[in-house]
Number of protein chains: 2
Amino acid sequence: MRVAIVGATGAVGQELTRLLEERAFPVRSLRLFASERSLGRVQSFRGEGVPLETLPADGDLAADVVFSSAGGTISKEQARRWASHGAVVIDNTSAWRMDPATPLVIPEVNGSAAGAHRGIVANPNCSTIIALMALAPLHRAFGLRRATVATYQAVSGAGAKGIDELTRLTRAALDGRHEEPEAFDHDIAFNLFSHDSEVGPDGYNLEERKLLLESRKILGQPHLKVSATCVRVPVYRAHSEAIHAEFDVPVTPDAAHAVLAAAAGVRIVDDAAANRFPMPRDASGRDEVLVGRIRGDASRDGALALFVAGDQIRKGAALNALQIAEMLVAESLLA
Amino acid sequence: MRVAIVGATGAVGQELTRLLEERAFPVRSLRLFASERSLGRVQSFRGEGVPLETLPADGDLAADVVFSSAGGTISKEQARRWASHGAVVIDNTSAWRMDPATPLVIPEVNGSAAGAHRGIVANPNCSTIIALMALAPLHRAFGLRRATVATYQAVSGAGAKGIDELTRLTRAALDGRHEEPEAFDHDIAFNLFSHDSEVGPDGYNLEERKLLLESRKILGQPHLKVSATCVRVPVYRAHSEAIHAEFDVPVTPDAAHAVLAAAAGVRIVDDAAANRFPMPRDASGRDEVLVGRIRGDASRDGALALFVAGDQIRKGAALNALQIAEMLVAESLLA
């Protein structure tokens, strides 16, 4: 496969480059695209330095598969042109997710939807992927009706600049100094705040609306109800989520445990005696989404409560995108 | 008033000493009790050094009011004896909270309950106080039926050792070193984890059960339903909580806003345009509980979602205890 990564220097682009190597994706050629200021630099792949390029004006990336995480504006403007030159674009931005003609895919959840692509497959938002890795198997078994989600989101959701800012402001705070935030609206050092995306007229921010709308599309449940509160916390990597879920039938914690134990891409971490449950520290760098605190919802008979943690750069972005590509290769839907 | 503080060197005891001075509580004498290893030390009050003492064997603290935050075991064993010598004990431990003969009081919520005390008034758990400061006014207006709560709890909930540990492990992490956690089961640096209290057979930990049982008692609603997920986050001070609440009648965000704007001890921080909502940084050192993100629950018509942050050492503990004492003084129910 001829592979291109657009947004190669970002956190997701760099993770993708590593994963292509780690998972032995059949890469015949790799092109790495970034902004002008990266010209002249190289990025390592299979022990060799791959030069960073700017996007060609004609939109021909000479690739069979393009991974794009360069931002919604670039994807919106250019993804169709990249596809018109024969590539399948796996897009990690929000540009195409809600486009009715574009499949929105988590391979373990609705992999078969990818086959209907018209040159673009959209990768869901990280918080959505992490929630649905736990909720989708439960949905298949019991019929998900309603979910309430409170997130604990790592700064790397805002890319390398979020990571740098957490380090910079934490050092300043420990030294008793105040420095101004740049990546976020507020100081993240030993603090937390409502997710920094635009708040709509209904009071929900964009991240929260994504969780609702993307979950509906991925599960094929246009009437699914999801109410989310998305919060940024001073954690480098991996998002956590406290979830309450209601189903068409009453569900016991044991039944949920059995379903999740058999679910692909899920690892149960639920050791009450050792007080060990999903933590972002443990989820970081892992492929699986960790699920624990599986218990009955004390406020509603037959409903469930659980806590999940997943690496939002890996399964929440780069890994999921690569898994989509692997699936398309396996089904000969690429090239 | 002759005042005694048991557990004077702890985070809550020190805050109480400051608040007695700041709020000009009518202190005629102040005695500070701590463990043996504090003997010989003094703690400052109104510019003078008050010596730390160990508890007398006879239980006579020579006080009209005793604030106790020395731990549940000491309070359980000794509070009645302190009271038998004429003191009213305002107890900040879990020892007496669920005792049917002991009032469990948040002055703004159920202050009148304190009058029925038999020598002991219990101060609720911090997470409960912070949640109910927002939920109780809504309950009075609309009838609270059910709440789902996800907490973001500061390390100072575990006292000074939690604070020291966050500093120590964060410094180590920034230096690329790993140090072992001592105050908590897991490393809190740039990480978060399920609250470190015992998990019961229903899968809920003690902190979560407190939120349920104490809320029922304080609101006088034995059938109230509360399902909580309590999580420790790398924040020094002030707990935050994402709350979804259902009521006997449909509630609009505007109606909730009006009720909360008029509620004592609550400050609304809900500026979507500036992306400014309750943050632990802003709540720290403040008397009021901050409430924001007031919106309709997207998953249930007529229900609400909101986000709160409150200083758990102040309103969540020391301030609430002192407010109880102030109320008893005002109503001549002390001495």
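Above this note sits the structure.
About the thresholds
- Residues numbered from 1 in each chain as written.
- Chains lettered and ligands numbered in written order.
- Predicted model: local features only at pLDDT ≥ 70, side-chain atom pairs only at ≥ 80, totals over all residues.
- Heavy atoms only, no water.
- Helix = DSSP H or I, 4+ residues; strand = E, 2+ residues; numbered from the N terminus.
- Expected span 1.5 Å × (residues − 1).
- Bend = angle between axes of the 7 residues up to and from the residue.
- Buried < 20%, exposed > 50% of the residue type's maximum accessible area, 1.4 Å probe, protein only.
- Least-squares fit on C-alpha atoms with pLDDT ≥ 70 in both.
- Contact = heavy atoms within 4.5 Å.
- Pairing = 2+ DSSP bridges.
- Axes fitted to C-alpha atoms, helices over the stretch in contact; angles between N-to-C directions.
- Buried area = accessible area lost by both parts, 1.4 Å probe.
- Salt bridge = Lys/Arg side-chain N within 4 Å of Asp/Glu carboxyl O.
- Polar contact = N/O pair within 3.5 Å; in protein donor to acceptor, adjacent residues only side chain to side chain.

## Notes on helix 4 (residues 126–142) of chain A
Residue and element names in this part refer to chain A.
Next, step 1: When the terminal C-alpha atoms of helix 4 are compared, their 24 Å separation across 17 residues agrees well with the 24 Å that a helix rising 1.5 Å per residue should span.
Next, step 2: Remark: the principal bend of helix 4, roughly 40°, maps to L132.
Next, step 3: For helix 4, a buried count of 15 out of 17 residues is recorded, marking the element as mostly surrounded by other parts of the structure.

## Quick look at the relation of the copies chain B and chain A
Next, step 1: Superposition record for chain B on chain A: RMSD 0.0 Å, screw rotation 180°, translation along axis 0.0 Å. Here the symmetry operator amounts to a two-fold rotation axis.
Next, step 2: Most of the interface of chain B is mirrored in chain A, where 100% of its interface residues again form contacts.

## What to know about the sheet that holds strand 10 (residues 225–229) of chain B
All names here are of chain B.
Next, step 1: Strand order in the open sheet formed by 6 strands is 10-8-12-15-14-13, with mixed pairing between adjacent strands. Two strands close off the open sheet at either side, each with one partner strand: strand 10 and strand 13 (266–268). With direction set aside, neighbouring strand axes in the sheet form an average angle of 25°.
Next, step 2: In terms of strand pairing, strand 13 meets strand 14 (residues 289–296) through 3 bridges, oriented parallel. Across the sheet, residue I268 finds its bridge partner in strand 14, namely V291.
Next, step 3: Each of strand 13, strand 14 and strand 15 (304–310) touches helix 7 (residues 253–261); the most contacted strand, strand 14, lies at about 165° to it.

## Examining the sheet that holds strand 6 (residues 88–91) of chain B
All names here are of chain B.
Next, step 1: Here we have 7 strands laid out as an open sheet, ordered 3-4-2-1-5-6-7, and mixed in their pairing. What marks the edges here is a single partner per strand, and that holds for strand 3 (42–45) and strand 7 (120–122). Direction aside, neighbouring strands of the sheet carry axes that sit 25° apart on average.
Next, step 2: Across the sheet, helix 1 (residues 11–22) lies against strand 1 (2–6), strand 2 (29–33), strand 3 and strand 5 (65–68), angled at about 30° from strand 3, the strand it touches most.
Next, step 3: In the packing of helix 2 (residues 72–84) onto the sheet, contacts are made with strand 1, strand 5, strand 6 and strand 7, and the angle to strand 6 comes to roughly 155°.

## Considering the interface of chain B and chain A
Next, step 1: Chain B puts 61 residues into the contact, and the matching count from chain A is 61 residues.
Next, step 2: Summed over both sides, the interface between chain B and chain A buries roughly 5,100 Å², with carbon and sulfur atoms accounting for 54% of that surface.
Next, step 3: Linking chain B with chain A are 12 salt bridges.
Next, step 4: Run the count over chain B and chain A and you get 38 residue pairs in polar contact (both at pLDDT 80 or more).
Next, step 5: Counting only elements with at least two residues in the side of chain B that touches chain A, the list comes to strand 8 (144–152), helix 5 (160–174), strand 9 (193–194), strand 10, strand 12 (239–247), helix 8 (280–283), strand 14 and strand 15 of chain B.

## Observations regarding helix 6 (residues 206–219) of chain A
Next, step 1: Helix length check: helix 6 of chain A (14 residues) gives 20 Å between terminal C-alpha atoms against 20 Å at 1.5 Å per residue, within 8%.
Next, step 2: Of all the residues in helix 6 of chain A, the buried ones are E207, E208, K210, L211, L212, E214, S215, I218 and L219 of chain A.
Next, step 3: Each element contacted by the buried residues of helix 6 of chain A is listed here: helix 3 (107–110), helix 4, strand 8 (144–152) and strand 10 (225–229) of chain A together with strand 14 of chain B.
Next, step 4: A positive phi of about 65° marks G220 of chain A, the residue just after helix 6 of chain A.

## Let's talk about the environment of G176 of chain A
Next, step 1: Residue placement: G176 of chain A occurs in the loop between helix 5 (160–174) and strand 9 (193–194).
Next, step 2: Between the C-alpha atom of G176 of chain A and that of D99 of chain A, which follows or precedes it by 77 residues, the distance is 48 Å.

## Topic: the pattern of salt bridges
Next, step 1: Under the definition given, this model contains 56 salt bridges over all chains.
Next, step 2: Residue E15 of chain A pairs with R314 of chain A through a salt bridge whose shortest N-O separation is 2.9 Å. Taken together, the positions of E15 of chain A in helix 1 (residues 11–22) and R314 of chain A in helix 9 (residues 314–330) put the pair 299 residues apart, joining distant regions of the chain.
Next, step 3: According to the relative accessible area criterion, E15 of chain A is buried, its value standing at 3%.
Next, step 4: Note that E208 of chain B is salt-bridged to R295 of chain A, the shortest N-O span being 4.0 Å. Remark: R295 of chain A occurs in strand 14 (residues 289–296) and E208 of chain B occurs in helix 6 (residues 206–219); the pair is interchain, linking two chains. Judged on exposure class, the residue E208 of chain B and its partner R295 of chain A are both buried.
Next, step 5: Three or more residues joined by partner-sharing salt bridges are found here, namely E15, R18, E22, R23, R237, D287, D311, R314 and E326 of chain A.

By themselves, these are just geometric observations and shouldn't be taken as functional.
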